[in-house]
Amino acid sequence: EYCGRTRVRLGWTVDNCDEKMPSWMDLVVNEKRLLQVAENVFGVPVSIKRYTIDYLSPSQTSLEWHIDTAQDCLKTFILLDDCKPENGYTQLRIGSHQLDTPLIRRTYFLLHKYGAPYQYSPPIDEVCPGEIAKGIGKAGDAIFFNPKALHSATACIAGVRIVLVVSYNIHSS
């Protein structure tokens, strides 16, 4: 639990792991359609790496701007509740996954070396250009994004929100 968020991993679907997606998830997720979209994005085979549920409750704390990985990747947020601006939405700096600046290269280096994407100086959102997209929507909406892009989560200041997070493996060299 952190910043009003409780994260529960529901299962890994990687080939070498015995833990699989719970059968009730078939009612929530059309895995074939998710894989189809991801394969269209990358043009190579993909598989689902894991499912995670994020439960957001009121908190005064936002998550800092960060990246999740330096590798090709894709995530999907499936909103299980309506997400309004006061419900702690994720925001993303459009196009930041394609930037090649000294600060971004340093961030990727630190991410590979230490596994920590939060080592920015100066604050990376101040030197990273681009429009900000807000991940708000209705229950059932799916938001696909590249976690190499700079993103952060705003504080959930009212209500609660539940989101299903789908992470993918990209099978390319």
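Below or above, wherever it landed, is the structure these notes cover. (Residues numbered from 1 in each chain as written. Predicted model: local features only at pLDDT ≥ 70, side-chain atom pairs only at ≥ 80, totals over all residues. Heavy atoms only, no water.)

**Thoughts on the packing of aromatic side chains**
Okay, step 1: A full pass over the atoms with the stated rule returns one aromatic pair.
Okay, step 2: Aromatic side chains Phe 77 and Phe 145 sit 5.0 Å apart centroid to centroid with 70 degrees between the ring planes, which places their arrangement in the edge-to-face category. Here the residue Phe 77 occupies a position in strand S3 (residues 75-79), and Phe 145 occupies one in strand S6 (residues 142-145), the gap between them amounting to 68 residues. Here Phe 77 matches Phe 145 in class, with each residue buried. (Phe/Tyr/Trp six-rings, centres within 6.5 Å; stacked < 30°, edge-to-face > 60°. Helix = DSSP H or I, 4+ residues; strand = E, 2+ residues; numbered from the N terminus. Buried < 20%, exposed > 50% of the residue type's maximum accessible area, 1.4 Å probe, protein only.)

**A few points about the sheet that holds strand S7 (residues 151-153)**
Okay, step 1: If you trace the three strands from one edge of the open sheet to the other, you get S5-S4-S7, paired in antiparallel fashion. The open sheet is flanked by strand S5 (132-134) and S7, the only strands paired with a single partner. Ignoring which end each strand starts from, the neighbouring axes of this sheet average 20 degrees apart.
Okay, step 2: The sheet contact formed by strand S4 (residues 90-93) and S7 spans three bridges and is antiparallel. Across the sheet, residue Gln 91 finds its bridge partner in S7, namely Ser 152. (Pairing = 2+ DSSP bridges. Axes fitted to C-alpha atoms, helices over the stretch in contact; angles between N-to-C directions.)

**Notes on the environment of Thr 90**
Okay, step 1: Locating Thr 90 in the fold gives a position in strand S4.
Okay, step 2: Along the sequence, Thr 90 and Lys 134 sit 44 residues apart, while their C-alpha atoms lie 6.2 Å from each other.
Okay, step 3: Leaving out residues up to four positions away in the same chain, Thr 90 has contacts with Phe 77, Ala 133, Lys 134, Gly 135, His 151, Ser 152 and Ala 153. (Contact = heavy atoms within 4.5 Å.)

**A closer look at a nonpolar patch on the surface**
Okay, step 1: Among the surface-exposed residues, Val 37, Val 41 and Phe 144 lie close enough to one another that they form a single nonpolar patch of about 220 Å² accessible area.
Okay, step 2: Assignment of secondary structure puts Val 41 in helix H1 (residues 31-42). (Patch = residues over 30% accessible without salt bridge, like charges linked within 9 Å, V, L, I, M, F, W, Y side chains within 5 Å. Areas by Shrake-Rupley, 256 points an atom, 1.4 Å probe, with all protein chains shown as cover. Salt bridge = Lys/Arg side-chain N within 4 Å of Asp/Glu carboxyl O.)

**Side note on the pattern of salt bridges**
Side chains that differ in charge, positive against negative, can pair when their charged atoms come close.
Okay, step 1: For the structure on display, the rule yields one salt bridge.
Okay, step 2: One salt bridge connects Lys 75 with Asp 68, and the closest N-O pair in it is separated by 2.9 Å.
Okay, step 3: A relative accessible area of 28% places Asp 68 in the partly exposed class.

**So, the nonpolar core**
Okay, step 1: Counting 14 residues, the largest nonpolar core has Leu 34, Ile 48, Leu 164, Val 166 and Tyr 168 as the members making the most contacts within it.
Okay, step 2: Contributions of two or more residues to this core are made by H1, strand S2 (46-56) and strand S8 (161-170).
Okay, step 3: By size, the runner-up hydrophobic cluster in this structure holds nine residues, among which are Phe 77, Leu 79, Leu 92 and Val 165. (Core = buried A, V, L, I, M, F, W, Y, C linked by side-chain atoms within 4.5 Å.)

**Topic: the pairing of S2**
Okay, step 1: Burial runs high along S2: eight of the 11 residues are buried.
Okay, step 2: As paired strands, S2 and S8 are joined by 10 bridges and run antiparallel to one another. Opposite Thr 52, over in S8, you have Val 165 as the bridge partner.

**Looking at the side chain of Asn 87**
Okay, step 1: Its location among the elements puts Asn 87 in the loop between S3 and S4.
Okay, step 2: Of the polar contacts made by the side chain of Asn 87, one reaches the backbone oxygen of Ala 158; its length is 2.9 Å.
Okay, step 3: Every residue in contact with Asn 87, bar those within four places of it in the chain, is listed here: Leu 56, Asp 82, Cys 156, Ala 158, Gly 159, Val 160 and Arg 161. (Polar contact = N/O pair within 3.5 Å; in protein donor to acceptor, adjacent residues only side chain to side chain.)

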